[in-house]
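Listed here are the chains, written in short residue letters.
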Amino acid sequence: MRILRVLQSQSLPCRCFVGVYETYDGRTLHIIDEPAAGCRESLHQPGYVVSAGTPRVSDASPGRSAR
Ligand SMILES: [Zn+2]
């Protein structure tokens, strides 16, 4: 999955900063940019993908399964 561009940056409730990136397939990724000093989540390291959103384009077909 390749990054197309940076959309914005956000802070999480735990005060870590994440960058919101758009990928070439139209998804958005939230990737830890700068962990907060007080964050207790050990997974929140730079480069950790917090969440991968759904594609922004409207053809959100659920895939080829269960037809
Ligand atoms: Zn955190």
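Above this text you will find the structure in question.
My aim in this report is to walk through the structure given alongside it, one point at a time.

Cut-offs applied
- Residues numbered from 1 in each chain as written.
- Predicted model: local features only at pLDDT ≥ 70, side-chain atom pairs only at ≥ 80, totals over all residues.
- Helix = DSSP H or I, 4+ residues; strand = E, 2+ residues; numbered from the N terminus.
- Buried ≥ 20, exposed ≤ 12 C-beta atoms within 10 Å, placed from the backbone.
- Contact = placed C-beta atoms within 7 Å.
- Pairing = 2+ DSSP bridges.
- Axes fitted to C-alpha atoms, helices over the stretch in contact; angles between N-to-C directions.

### A short note on the overall build of the chain
And step 1. Helix and strand content of the chain: 0 helices and 4 strands.
And step 2. Mapped from its N terminus to its C terminus, the chain presents α and β elements in the order β-β-β-β.
And step 3. By residue count, 7% of the 67 residues in the chain fall in the buried class.
And step 4. For the chain, the proportion of contacts with a sequence separation of at least 24, taken over those separated by at least 6, is 21%.

### Regarding the sheet that holds strand S2 (residues 17-23)
And step 1. One open sheet holds the 4 strands; their spatial order is S1-S2-S3-S4, and the pairing between them is antiparallel. Pairing within the sheet leaves two strands with one partner each, and these edge strands are strand S1 (3-11) and strand S4 (49-52). Strand-to-strand twist of the sheet, defined as the mean angle between neighbouring strand axes without regard to direction, takes the value 25 degrees.
And step 2. Summarising the sheet, strand S3 (residues 28-34) and S4 pair through 3 bridges and their orientation is antiparallel. Residue pairing across strands places His30 opposite Ser51, the latter belonging to S4.

### Description of the pairing of S3
And step 1. Relative to S3, S2 runs antiparallel, the two sharing 6 bridges. Note on S3: the bridge partner recorded for Val20 is His30.
And step 2. Once S2 ends, the chain turns through 4 residues before running back antiparallel as S3, passing Gly26 with a positive phi of about 90 degrees.

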